[in-house]
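# Coordinate analysis (summary)
What follows is the residue order along each chain.
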Amino acid sequence: MDKKLAKEMNAQITKELFSAYLYLSMAAYFEDKSLTGMANWMKIQAKEETEHAMKFFSFLIDRGVKVELDAIAKPSADFKSIKAVFQETLAHEKTVTASINNLYSIAQKVEDNPSLVFLGWFINEQVEEEKNPTEILAKLEYIREDSAGVIMLDKELGARVKD
Ligand code: MG
C-alpha cells in the first residue's frame with residue numbers, strides 16, 4: 001500500500017477510538033444527569049466507533065500493513081447543556097467526514113481500488129453519522145426548555161439498539 005495512505009489509515013484507527021472515547025465521556029455526562037436514554041444512545045455510539053476502528057485495523061492487516069497505534073487524547077468532559085453535547089457530536093462527525101474524504105482522495109490518487117471499495121462503506125456511514133445528531137438537534141429546538149420534552153426525547157434515545 002502507498003506509504004501516505006497507510007500512515008493516514010493508521011491515524012484513522014486512533015481517530016475512531018478517540019470518537020469512542022468522546023462518546024463514552026458524553027454517556028458519563030448523561031448518566032450523571034440521570035438521562036439514561038441519552039446515555040444509552042452515546043454508549044451505542046461509542047461501541048460503533050470501536051467497530052469502525054477495528055474495520056481499519058483488520059483492513060490494514062489484510063493488506064499486509066503494520067498497524068501502529070497512537071495515543072488517544074483526553075475527551076471533553078464538561079458540557080454546558082444537552083444541546084451543547086449534540087452540537088459537539090455533529091461538529092466532531094463533520095471532522096471525521098473530512099478525514100474519510102481525505103483518505104478517499106489519497107486512494108483515488110494512487111488508484112488503490114480495494115481501499116476505495118473499503119472506504120465507500122465509511123462514506124455512506126458518515127451520511128448517517130451527521131444525520132442523527134442533526135435530527136436530535138432539530139428536536140431539541142422544538143423542546144427548548146420544556147422538561148417533559150426532554151424526558152420524551154430521553155425515552156426515544158433510550159430505545160436505540162445496537163445493530
Ligand atoms: Mg466513526
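Residues numbered from 1 in each chain as written. Predicted model: local features only at pLDDT ≥ 70, side-chain atom pairs only at ≥ 80, totals over all residues. Heavy atoms only, no water.

## Observations regarding the coordination of the magnesium ion
- Coordination of the magnesium ion by the protein involves E16 (OE), E49 (OE) and H52 (ND1), with metal-donor separations of 2.1 to 2.2 Å.
- Mapping the donors of the magnesium ion onto the primary sequence yields the spacing E-x32-E-x2-H. Taken together, the residues span a long stretch of sequence, with E16 in helix 1 (residues 3–32) and E49 in helix 2 (residues 36–62) at a distance of 33 residues.
- What makes E49 buried here is its relative accessible area of 1%. (Donors = N, O, S within 2.8 Å, 3.2 Å for Na, K, Ca; no water. Helix = DSSP H or I, 4+ residues; strand = E, 2+ residues; numbered from the N terminus. Buried < 20%, exposed > 50% of the residue type's maximum accessible area, 1.4 Å probe, protein only.)

## Some details on the pattern of salt bridges
- Going through the model one piece at a time under the given rule, you end up with seven salt bridges.
- Among the ionic pairs, E48 bridges to R160, the shortest N-O distance being 3.3 Å. Remark: R160 occurs in the segment after helix 5 (147–158) and E48 occurs in helix 2; sequence separation between them is 112 residues.
- A relative accessible area of 11% places E48 in the buried class. (Salt bridge = Lys/Arg side-chain N within 4 Å of Asp/Glu carboxyl O.)

## Structural notes on the packing of helix 1 against helix 4 (residues 113–143)
- Across the interface, helix 1 lies against helix 4 with an axial gap of 14 Å and an inter-helix angle of 25 degrees. The orientation of helix 1 relative to helix 4 falls into the category roughly parallel. The chirality of how helix 1 crosses helix 4 is left-handed. Side by side, helix 1 and helix 4 meet where L5, M9 and E16 of the first sit next to S115, F118, L119 and F122 of the second. (Axes fitted to C-alpha atoms, helices over the stretch in contact; angles between N-to-C directions. Parallel < 35°, antiparallel > 145°, perpendicular 65-115°, else oblique. Left-handed = near helix turned anticlockwise from the far one by under 90°. Contact = heavy atoms within 4.5 Å.)

## Here's the deal with a nonpolar patch on the surface
- A cluster of nonpolar side chains, contributed by Y21, L24 and I72, occupies part of the molecular surface with about 280 Å² of accessible area.
- Along the chain, L24 falls in helix 1. (Patch = residues over 30% accessible without salt bridge, like charges linked within 9 Å, V, L, I, M, F, W, Y side chains within 5 Å. Areas by Shrake-Rupley, 256 points an atom, 1.4 Å probe, with all protein chains shown as cover.)

## Observations concerning the nonpolar core
- Core analysis: the biggest nonpolar cluster contains 24 residues, and F30, M38, M42, I82, F86 and L140 have the highest contact counts within it.
- Mapped by element, the contributors of at least two residues to this core are helix 1, helix 2, helix 3 (82–109), helix 4 and helix 5.
- Sort the elements by how many residues they give to this core and helix 1 lands first, with six residues.
- Setting aside residues no more than four positions away along its own chain, M38 makes contact with F30, I82, F86, V150, L153, D154 and L157.
- Judged by nonpolar contacts, the second largest core, of 19 residues, contains L5, A53, L103 and L119. (Core = buried A, V, L, I, M, F, W, Y, C linked by side-chain atoms within 4.5 Å.)

## Quick notes on the side chain of E93
- Relative to the assigned elements, E93 resides in helix 3.
- Buried and unpaired, E93 has no salt bridge, with R160 as the nearest side chain of opposite charge at 9.0 Å.
- Here E93 is in contact with Y23, Q45, E49, Q126, E129 and E130, once residues within four sequence places are set aside. (Lys, Arg positive; Asp, Glu negative; His and termini not counted.)

## Thoughts on the environment of E128
- By secondary structure assignment, the location of E128 is in helix 4.
- Of the residues examined, E128 reaches a relative accessible area of 38% and is grouped as partly exposed.
- With 35 residues separating them along the chain, E128 and E93 place their C-alpha atoms 9.9 Å apart.

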